[in-house]
Amino acid sequence: AQRVTQPEKLLSVFKGAPVELKCNYSYSGSPELFWYVQYSRQRLQLLLRHISRESIKGFTADLNKGETSFHLKKPFAQEEDSAMYYCALSGNFGNEKLTFGTGTRLTIIP
Amino acid sequence: ETGVTQSPTHLIKTRGQQVTLRCSSQSGHNTVSWYQQALGQGPQFIFQYYREEENGRGNFPPRFSGLQFPNYSSELNVNALELDDSALYLCASSPRTGRGYEQYFGPGTRLTVT
């Protein structure tokens, strides 16, 4: 069975400080990992995916297969980063079914 | 380009009733997935429709059913509503099924069962 764990429900960080949102997964095959973000009063949207190896809005995430982790990082937090963040996994299902974690609410303190 | 739309925005139903939720996929997308998001939880996959056929189902009972129409819009039907069905129902569309295709989410329908 596949599972995504986000251990922190809430995370508060001062503006300008580094941010790390943790995500661990359980899957026997080769998963594809994603971070989705939901800003206040907006819909859920893709932030980044591991295969792209991009930096989006200053965020990066590296897939660590040994530790089965996909932590989201940003060196300097900005107030507009305050949002709900979900880590998600897609396996070899043939339909890109997404398995989500429970989410972390990130609050940036001015 | 029009994004994913869902209707209604909110609705309240009584236990035992039936409900139909609607989703219009983004232009050019032929795949629609439905998710249930209970309070404080992440979205949970219900099922996916690809070219009018069910293409994968999550751990939901048969009273959750769906349809996809030739224009790729979709419906989610829930029979014999239970209190635990109260949740935000999200629809997501993608250009095709399978890995590599981003899912675009709608704003959701908030269902309350009393």
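That block above? That's the structure.
Counting restarts for each chain, with residues numbered from 1 along the sequence as it is written. Chain labels run from A onward and ligand labels from 1 onward, assigned in the order the entries are written. A pLDDT threshold of at least 70 governs which residues receive local features in this predicted model, and a stricter bar of 80 or more applies before side-chain atom pairs are shown or counted, although totals over entire chains, interfaces and linings include all residues. Heavy atoms from the whole structure form the basis of all side-chain values; hydrogens and water molecules are not counted.

## Focus on the overall build of chain A
Okay, so step 1: The helix and strand tally for chain A stands at zero helices and 11 strands.
Okay, so step 2: By the criteria applied, helices consist of DSSP H or I runs no shorter than four residues and strands consist of E runs no shorter than two, each listed in order from the N terminus. Along chain A, from the amino end to the carboxyl end, the secondary structure elements read β-β-β-β-β-β-β-β-β-β-β.
Okay, so step 3: Throughout, the radius of gyration refers to the C-alpha atoms, and the reference size of a globule is 2.2 Å times the residue count to the power 0.38. Over its C-alpha atoms chain A spans a radius of gyration of 13 Å, differing by no more than 12% from the 13 Å that the globule rule assigns to 110 residues.
Okay, so step 4: By principal-axis analysis of the C-alpha atoms, chain A measures approximately 45 × 30 × 25 Å.
Okay, so step 5: For chain A, the accessible area works out to roughly 5,500 Å², and carbon and sulfur atoms hold 49% of it.
Okay, so step 6: Charge assignment in this entry is limited to Lys and Arg as positive and Asp and Glu as negative, and neither His nor the chain termini are counted. Each charge is placed at NZ for Lys, CZ for Arg, CG for Asp and CD for Glu. Across chain A, the centroid of the 14 positively charged side chains sits 5 Å from that of the 10 negatively charged ones. Each accessible area value is a Shrake-Rupley result obtained with a 1.4 Å probe; residue values ignore everything except the protein chains displayed when judging cover.

## Description of the pairing of strand 8 (residues 74-78) of chain B
Residue and element names in this part refer to chain B.
Okay, so step 1: Within strand 8, five of the five residues are buried, leaving the element largely enclosed by the surrounding structure.
Okay, so step 2: On strand 8, burial covers both faces: S74, L76 and V78 on one face and E75 and N77 on the other are all buried.
Okay, so step 3: The rule for pairing is simple: two strands pair if DSSP sees at least two bridges between them. Bridging between strand 3 (residues 19-24) and strand 8 involves five bridges; their strand directions are antiparallel. Counted as the bridge partner of L21 is L76 from strand 8.
Okay, so step 4: Pairing analysis gives five bridges linking strand 7 (residues 64-68) to strand 8, with the strands arranged antiparallel. Residue G66 lies in a different strand from strand 8, and its bridge partner there is L76.
Okay, so step 5: Between strand 7 and strand 8, which follow one another and run antiparallel, lie five residues, and Y72 among them has a positive phi close to 75°. Exposure is judged per residue with a 1.4 Å probe applied to protein chains only, and the accessible area is read against the type maximum: over 50% gives exposed, under 20% gives buried, and values in between give partly exposed.

## Observations regarding the sheet that holds strand 1 (residues 5-7) of chain B
Residues and elements named next belong to chain B.
Okay, so step 1: In spatial order, the strands read 1-3-8-7; together these four strands make up an open sheet with antiparallel pairing. If you trace the sheet from one side to the other, it starts and ends with strand 1 and strand 7, each paired once. Sheet twist, expressed as the mean angle between neighbouring strand axes with direction ignored, is 20°. To get an axis, a line is fitted to the C-alpha atoms, and for a helix only the part in contact is used. The angle between two axes follows their N-to-C directions and goes from 0 to 180 degrees.

## Considerations on the interface of chain A and chain B
Okay, so step 1: Contacts between chain A and chain B engage 21 residues on the former and 23 residues on the latter.
Okay, so step 2: The term buried area denotes the loss of accessible surface (1.4 Å probe radius) that occurs when two parts are joined, taken as the sum for both partners. Where chain A abuts chain B, roughly 1,800 Å² becomes buried across the two surfaces, and 46% of that area is made up of carbon and sulfur atoms.
Okay, so step 3: Nitrogen and oxygen atoms within 3.5 Å of one another constitute a polar contact, given that in protein one can donate a hydrogen and the other can accept it, and given that sequence-neighbouring residues count only through two side-chain atoms. On the surface where chain A and chain B come into contact, there are five residue pairs in polar contact (both at pLDDT 80 or more).
Okay, so step 4: Sorting the residues of the side of chain A that touches chain B by element identifies strand 5 (32-38), strand 6 (45-49), strand 9 (83-90) and strand 10 (98-100) of chain A as the ones contributing at least two each.
Okay, so step 5: By the convention adopted, Pro, Cys, Tyr, Trp, Phe, Met, Ile, Leu, Val and Ala count as nonpolar, Lys, Arg, Asp and Glu as charged, and the other residues, Gly among them, as polar. Of the residues in the side of chain A that touches chain B, the class split is seven nonpolar, eight polar and six charged. Contact between two residues is taken to exist if any of their heavy atoms lie within 4.5 Å; hydrogens are not considered.

## Topic: the environment of G28 of chain B
Okay, so step 1: Mapped onto the secondary structure, G28 of chain B falls in the loop between strand 3 and strand 4 (31-37).
Okay, so step 2: As a C-alpha pair, G28 of chain B and T2 of chain B span 26 residues in sequence and 9.9 Å in three-dimensional space.

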